[in-house]
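Single-letter residue listing:
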Amino acid sequence: LRQANQSKLEKEKEEASNMSSEQTFIAIKPDGVQRGLVGPIITRFEQRGYKLVAMKLVSPSKEHLEKHYEDLADKPFYKGLVTYMLSGPICAMVWEGREAVKTGRTLLGATNPMASAPGTIRGDYAIDVGRNVCHGSDAVESAKKEIDLWFKKEELMSYKPANFDWIYE
Ligand code: ADP
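Residues numbered from 1 in each chain as written. Predicted model: local features only at pLDDT ≥ 70, side-chain atom pairs only at ≥ 80, totals over all residues. Heavy atoms only, no water.

Student: When you look at the UniProt feature "binding site: ATP" (unreviewed entry) in the protein chain in this model, what are you seeing that I'm missing?
Tutor: As annotated in UniProt, the feature "binding site: ATP" (unreviewed entry) corresponds to Lys 29, Phe 77, Arg 105, Thr 111, Arg 122 and Asn 132 in the numbering used here. Taking the annotated residues in turn, Lys 29, Phe 77, Arg 105, Thr 111, Arg 122 and Asn 132 line the largest pocket. The residue Lys 29 is located in the loop between β1 (23-28) and α2 (30-34) in this model. Given the relative accessible area of 5%, Lys 29 is considered buried. Contacts of Lys 29, omitting those with residues within four sequence positions, involve Tyr 69, Tyr 84, Met 85, Pro 89, Asn 132, Val 133, Cys 134 and His 135. By relative accessible area, which is 44% here, Thr 111 ends up partly exposed. (UniProt positions renumbered as here; feature names shortened; annotations may be inferred. 1 Å grid on protein atoms, 1.4 Å probe; cavity = no way out; pocket = protein on both sides within 12 Å on 5 of 7 lines; lining within 4 Å. Helix = DSSP H or I, 4+ residues; strand = E, 2+ residues; numbered from the N terminus. Buried < 20%, exposed > 50% of the residue type's maximum accessible area, 1.4 Å probe, protein only. Contact = heavy atoms within 4.5 Å.)

This is how it looks when you write it as structure tokens:
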């Protein structure tokens, strides 16, 4: 009986970790860093209950940014977008938690800040689509690709936050 209980507990623990283990790539773009929005943006993810898994301030190369935005290469704003992203340091992060990709996008707001609701990051801090302060992966698959592009495996931390059992039932 004790063994059965133990394996039930183990299973529950695994389920809890699967339920909460989606990862998303979030970046504070050069305008967000320059405007002192690193703290407020991190706070929103922390307060929602997401777990910070990786973070660094980086100045990526043009090639790196072209790779990051390769799907947009034929857009008229692509060149300006790459120049914008090269204009200063970027705060690159990985956040983890249940439906982190979808909820991350909700926290960010719409691509065009003018269409973003107040209470979202872009809805509170931005006006121009070409200065929209932050980036967030748009799907689980692209999140994997982006995390892989921006971080080495050993830069991703694995830990159980002290508040975990107070956030997940
Ligand atoms: P998102 O960043 O919300 O996933 P996209 O992948 O469509 O949006 O675009 C990438 C980034 O390119 C946007 O966040 C924004 O900075 C910039 N961008 C998108 N559309 C335009 C536009 N019409 N004019 C200028 N910049 C744009």
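Student: Whenever I open this one, unusual backbone geometry confuses me. Can you help?
Tutor: Outside of glycine, negative phi angles account for most residues, and trans bonds account for most peptide bonds. Of note, the phi angle at Glu 99 is positive, near 50 degrees, even though the residue is not glycine. Mapping Glu 99 onto the fold places it in the loop between β3 (90-96) and α6 (100-108). The backbone of Val 133 sits at a positive phi, close to 75 degrees, despite the residue not being glycine. Here Val 133 is to be found in the loop between α7 (121-125) and β4 (134-136).

Student: Before we go on, may I ask you to explain the site of the ligand in this structure?
Tutor: Taken together, Lys 29, Tyr 69, Leu 72, Phe 77, Leu 81, Arg 105, Thr 111, Arg 122, Val 129, Gly 130 and Asn 132 are the residues near the ligand. At 2.8 Å from an oxygen atom of the ligand is found a side-chain nitrogen or oxygen belonging to Asn 132. Relative to its unbound accessible area of 530 Å², the ligand is 73% covered by the protein chains. Most atoms of the ligand, that is more than half of them, are within 2 Å of grid points of the largest pocket. Here the shell around the ligand is built from residues that sort into 5 nonpolar, 3 polar and 3 charged. (Near = heavy atom within 4 Å. Polar contact = N/O pair within 3.5 Å; in protein donor to acceptor, adjacent residues only side chain to side chain. Areas by Shrake-Rupley, 256 points an atom, 1.4 Å probe, with all protein chains shown as cover. Sits in = over half its atoms within 2 Å of the grid points. Nonpolar A, V, L, I, M, F, W, Y, C, P; charged D, E, K, R; others polar.)

Student: Teacher, can you tell me more about the UniProt feature "active site" (unreviewed entry) in the protein chain here?
Tutor: Within the UniProt annotation, "active site" (unreviewed entry) is assigned to His 135. Tracing the chain through its elements places His 135 in strand β4. Classification of His 135 as buried rests on a relative accessible area of 10%.

Student: What is the right way to read the layout of surface pockets from this model?
Tutor: Gaps left between atoms show up when a probe the size of a water molecule is rolled over them. Size it by volume and the largest pocket reaches roughly 730 Å³. Along its surface, the largest pocket is lined by 26 residues, and His 68, Tyr 69, Leu 72, Leu 81 and His 135 are the ones closest to its centre. Broken down by secondary-structure element, the contributors of at least two residues to the lining of the largest pocket are α4 (62-68), α5 (78-85), β4 and α8 (140-150). Take the lining of the largest pocket: its biggest share by element is 4 residues, from α8. Here the residues of the lining of the largest pocket sort into 8 nonpolar, 8 polar and 10 charged. (Points joined across faces, edges and corners; volume = space filled by probe spheres on them.)

Student: In this structure, what is going on with the pairing of β3? I would like to understand it.
Tutor: Here is the key point about a regular strand: its side chains alternate between the two faces of the sheet. Within β3, 7 of the 7 residues are buried, leaving the element largely enclosed by the surrounding structure. Because side chains alternate across β3, one face comprises the buried residues Ile 90, Ala 92, Val 94 and Glu 96, and the other comprises Cys 91, Met 93 and Trp 95, equally buried. Strand direction decides the pairing type here: strand β2 (residues 51-58) and β3, joined by 7 bridges, are antiparallel. Following the sheet pairing, Met 55 is matched in β3 by Met 93. (Pairing = 2+ DSSP bridges.)

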